[in-house]
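Reading the structure
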Amino acid sequence: MARFYQKFPVCAVRGEGAILYDVNGKAYIDCMGGYGVSLVGHCHPKVVKAIKEQCERLIACHGSLYNDKRAELLEKIAKIAPEGLSKIFLSNSGAEAVECAIKAAVKYTGKHEIISMVRSFHGKTLGALSATWNPKYREPFEKILNKNFKFAPFGKLDKVEEAITGNTAAVIVEPIQGEGGVYVAPHGFLEGLRKLCDEHGMLLIFDEVQTGFGRTGRMWASEHWGVKPDIMCVAKAMGGGMPIGATIAREDIMNSLKVGEHTSTFGGNPLACAAACATIDVIIEENLVERARSLGSVFMNALRSMVDEFRILREVRGLGLMIGLEARVDIHNILLKSIERGVILLYSGKNVVRFLPPLVISREQLSKVAEALREVLVEEESRLKITG
Ligand SMILES: Cc1ncc(COP(=O)(O)O)c(C=O)c1O
């Protein structure tokens, strides 16, 4: 395999709920959740059943033919999507969902500039990478990235306003920046962006690839602020582990793309659609959105008390079960030591530990995570010779 991924010393062979088992049978509480994919848990029985049933009927079906499972999924998404967002393009990943959003915004407005945010992450295909801020990902390819993307500091409305020109088609933003360090949009920011977009004839694109489907304690993170986007991008958790993404937009916006102007061979394939139907059912039937809210607040309190206790910690940020714990040190060692104790955590930049556990995780499992982390922090402070 190409050496593109930073590897951790776990060979996972089986998963159940919030637990991953390695090749030796060792169990890990999975707070990485496949970077936010395993929201309904690993191998949720309803998702497994849906995949099994569908793969015996029809696995592939190009978008140029109709399909019953795809239709069922489109209906389910339209039911839970923010009001007014009723046209859906199905793809296979978050980056693809963003590509479609960019093209739709440009086509609809007839303009060609996009404002994105400092610290943003929208994927690594060339269009999505043009909207992604991190110089580490951009610099090697800077010469072939699109020059019509500008970056404004996240949370600074006046700076966004300064970046607007007569050519600005859209503003793209994550309501909570995930890869950038788990930063929640400050009060008034998204509301202000909505207003600016309306005043200047620009579209507001919310990238909910990481925040969507209940992760933050609301079905869509945008609901925390009561702001409706014109286009929304989703993926990750949507397929219960199967690759699927969607761009969801107002009908008039989607209709601006003509037949053939944006397609995907695998997009909307029945197998991924069956998994996504089951995933959405599970999220609703098992009240996972509410669960993210209540478990998230308990867990964040546990982390806050650690921030008071350990000098190497700086702060806790997040909503629901999308949480970042910022340290004053590189967290690599903390991640490795946690793995030894049977907990898989995630980076969000060099010094932020990110938690994206399945929403089906139990209170006991979260307590075990907190306990293991506390032990690791004690060790880490003593290794770094930091004393209270
Ligand atoms: C907010 C956001 N947008 C887009 C993406 C890209 O998704 P994918 O890796 O499925 O292309 C990610 C992935 O982490 C993300 O967090």
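Residues numbered from 1 in each chain as written. Predicted model: local features only at pLDDT ≥ 70, side-chain atom pairs only at ≥ 80, totals over all residues.

**Focus: the site of the ligand**
The ligand sits among 15 residues. The nearest are Ser93, Gly94, Ala95, Gly123 and Val209. Per-element tally for the shell around the ligand: the top contributor is helix 4 (residues 94-109), with three residues. Looking at the shell around the ligand, its residues break down into six nonpolar, six polar and three charged. (Near = placed C-beta within 6 Å. Helix = DSSP H or I, 4+ residues; strand = E, 2+ residues; numbered from the N terminus. Nonpolar A, V, L, I, M, F, W, Y, C, P; charged D, E, K, R; others polar.)

**Observations concerning the sheet that holds strand 1 (residues 12-16)**
Across the sheet, which stays open at both edges, the four strands sit in the order 1-2-3-15 with mixed pairing between neighbours. The sheet is open, and its two borders are formed by strand 1 and strand 15 (343-344), each paired with just one other strand. Pairing of strand 1 with strand 2 (residues 19-22), which is carried by four bridges, proceeds in the antiparallel orientation. Each bridged residue has a counterpart across the sheet, and for arginine 14 the counterpart in strand 2 is tyrosine 21. (Pairing = 2+ DSSP bridges.)

**Digging into helix 10 (residues 270-285)**
Because each turn of an α-helix spans 3.6 residues, side chains separated by three or four positions in sequence point in the same direction. With 16 residues, helix 10 extends 22 Å between its outermost C-alpha atoms, agreeing within 8% with the 22 Å of an ideal straight helix rising 1.5 Å per residue. Most of helix 10 is tucked away: 13 of the 16 residues are buried. Just downstream of helix 10 lies asparagine 287, where phi reads positive at about 50°. (Expected span 1.5 Å × (residues − 1). Buried ≥ 20, exposed ≤ 12 C-beta atoms within 10 Å, placed from the backbone.)

**Some words on helix 3 (residues 68-80)**
With 13 residues, helix 3 should reach 18 Å at 1.5 Å per residue; the first-to-last C-alpha distance of 19 Å fits that figure. Buried residues of helix 3: Lys69, Arg70, Leu73, Leu74 and Ile77, and no others. Projected onto a plane normal to the axis of helix 3, the buried residues spread over an arc of 135° and lie on a single side. Among the exposed residues of helix 3, those oriented more than 90 degrees off its buried face are Ala71, Glu75 and Lys79. Of the surrounding secondary structure, the elements contacted by the buried residues of helix 3 are helix 2 (45-57), strand 4 (87-91), strand 12 (245-249) and helix 10. (Arc of directions from axis to C-beta. Contact = placed C-beta atoms within 7 Å.)

**Brief notes about the domain arrangement of the chain**
With domains assigned, the chain is organised as domain 1 (12-30 + 287-383) and domain 2 (45-285). A straight line from the C-alpha centre of domain 1 to that of domain 2 covers 27 Å. Opposite the 18 residues of domain 1 that make contact, domain 2 presents 17 residues. A per-element tally of the side of domain 1 that touches domain 2 places helix 11 (residues 288-309) first, with five residues. Residue classes in the side of domain 1 that touches domain 2 are distributed as nine nonpolar, six polar and three charged. (Domains from an automatic or database assignment.)

**Examining the pairing of strand 4**
One face of the sheet, then the other: side chains in a regular strand alternate in exactly this way. By the criterion of burial, strand 4 is predominantly enclosed, with four of the five residues buried. With five bridges joining them, strand 4 and strand 12 adopt antiparallel strand pairing. Among the inter-strand pairings, lysine 87 is bridged to a residue of strand 12, identified as alanine 249.

**Describing the environment of leucine 39**
Relative to the assigned elements, leucine 39 resides in the loop between helix 1 (33-36) and helix 2. Sequence-wise, leucine 39 and lysine 236 are 197 residues apart; in three dimensions their C-alpha atoms are separated by 8.7 Å. Those residues in contact with leucine 39 that sit more than four places away from it in its chain are Gly33, Phe213, Gly214, Arg215, Ala237, Pro358 and Leu359.

**Regarding the sheet that holds strand 10 (residues 203-207)**
A sheet is described by the order of its strands in space; here seven strands give the open sequence 4-12-11-10-7-5-6, paired in mixed fashion. Each edge of the open sheet is held by one strand with a lone partner, namely strand 4 and strand 6 (149-152). Looking at each pair of strands side by side, their axes are set apart by 20° on average, direction ignored. Relative to strand 10, strand 7 (residues 168-173) runs parallel, the two sharing four bridges. Within strand 10, the residue paired with alanine 170 across the bridge is leucine 203. (Axes fitted to C-alpha atoms, helices over the stretch in contact; angles between N-to-C directions.)

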